[in-house]
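# Coordinate analysis (summary)
The lines below spell out each chain.
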Amino acid sequence: AQTVTQSQPEMSVQEAETVTLSCTYDTSESDYYLFWYKQPPSRQMILVIRQEAYKQQNATENRFSVNFQKAAKSFSLKISDSQLGDAAMYFCAYRSLRTGTASKLTFGTGTRLQVTL
Amino acid sequence: DTAVSQTPKYLVTQMGNDKSIKCEQNLGHDTMYWYKQDSKKFLKIMFSYNNKELIINETVPNRFSPKSPDKAHLNLHINSLELGDSAVYFCASSPPARMSYGYTFGSGTRLTVV
């Protein structure tokens, strides 16, 4: 079974600075997808960025980018120019391309990001 | 229009009661899910339906019963509620995994059992 590990329960960053959230995963598959979700206090789950494992190029969405290291099974999220609205729980998630039971989205335990003035 | 809507948003009930949470999606997705988020924020899948067929049933007490009348709806019924059932329950939907999209989540239902 796939597992996702986020080793940083909490992180803090000053407004306008850059922060990197870590995520590692364990899988025997070669094709899969990785995601970062944001959960603000409103508790809505918001998709931040996704990465297809077959793509070598790291995904980027505005101020959010990832560092995907397939061999190391690492998938970190970098937030540049941090804003107060970035304060939230961030979840790393894995999804297999297989169907059925394997198609579930497996989440890490989350990292709470605090943004300070 | 809300893509995945679940009702109610908040539910406070006494131990032993039976309650239902409803979920509807208008995205045309074939697959829907129920996730439970505990007090430590951990998200764990409970059930998944694909075109009204149950495909994932994790280790969940049989007091929890999902029902999918059609592929746009997935409801969760809970019998004999216990204190430990208090959590946030999320409904979600997705296209097939090969399409590389993640899930679209509802806004969650905070269930409090007293």
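Preceding block: the structure.
What you see is a predicted model, and the numbers here were worked out from it, not measured in a lab.

Secondary structure assignment for chain A yields zero helices and twelve strands. Shown N-terminal to C-terminal, the secondary structure of chain A runs as helices and strands in the order β-β-β-β-β-β-β-β-β-β-β-β. Relative to its length of 117 residues, chain A is compact, with a C-alpha radius of gyration of 14 Å against a globular reference of 13 Å. Based on the C-alpha atoms only, the size of chain A along its principal axes is roughly 45 × 30 × 20 Å. The buried share of chain A, reckoned over its 117 residues, is 49%. Counted over contacts in chain A with a minimum sequence separation of 6, partners at least 24 positions apart contribute 54%.

This part takes up the interface of chain B and chain A. Across the contact, 30 residues belong to chain B and 25 residues belong to chain A. A combined buried area of about 2100 Å² lies between chain B and chain A, and 54% of that area is made up of carbon and sulfur atoms. For the pair chain B and chain A, the number of links is one salt bridge. Two residues, Lys104 of chain A and Glu58 of chain B, come together in a salt bridge whose shortest N-O distance is 3.5 Å.

We now examine the sheet that holds strand β3 (residues 19-25) of chain B. All names here are of chain B. What the four strands build is an open sheet, ordered β1-β3-β8-β7; its pairing is antiparallel. Both edges of this open sheet fall to β1 (4-7) and β7 (64-70), since each of them pairs with a single strand only. Neighbour to neighbour, the strand axes of the sheet diverge by 15° on average, direction disregarded. Strand direction decides the pairing type here: β1 and β3, joined by four bridges, are antiparallel. For Thr7, the partnering residue across the bridge sits in β3 and is Lys22.

Conventions adopted
- Throughout, a residue's number is its position along its own chain's written sequence, starting from 1.
- Going through the entries in the order they are written, you letter the chains from A and number the ligands from 1.
- For this predicted model, a pLDDT threshold of at least 70 governs which residues receive local features, and a threshold of 80 or more governs which side-chain atom pairs are given and counted, while totals over whole chains, interfaces and linings are taken from all residues.
- Each side-chain value is derived from all of the structure's non-hydrogen atoms; neither hydrogens nor water enter the calculation.
- The secondary structure listing takes helices from DSSP runs of H or I that are at least 4 residues long and strands from runs of E that are at least 2 residues long, numbered from the N terminus.
- We take the radius of gyration over the C-alpha atoms and set the globule estimate at 2.2 Å times the residue count to the 0.38 power.
- Burial classes follow relative accessibility: with a 1.4 Å probe on protein chains only, a residue under 20% of its type's maximum area counts as buried, one over 50% as exposed, and anything between as partly exposed.
- Pairs of residues are marked as contacts when any of their non-hydrogen atoms sit within 4.5 Å.
- Accessible area that two parts lose when put together, evaluated with a 1.4 Å probe and summed over both, is termed the buried area.
- Between Lys or Arg on one side and Asp or Glu on the other, a salt bridge is scored when a side-chain nitrogen of the former is within 4 Å of a carboxyl oxygen of the latter.
- Any two strands are treated as partners once DSSP identifies two or more bridges connecting them.
- Between N-to-C directions, angles span 0 to 180 degrees; the directions come from axes that are lines fitted to C-alpha atoms, helices contributing only their stretch in contact.

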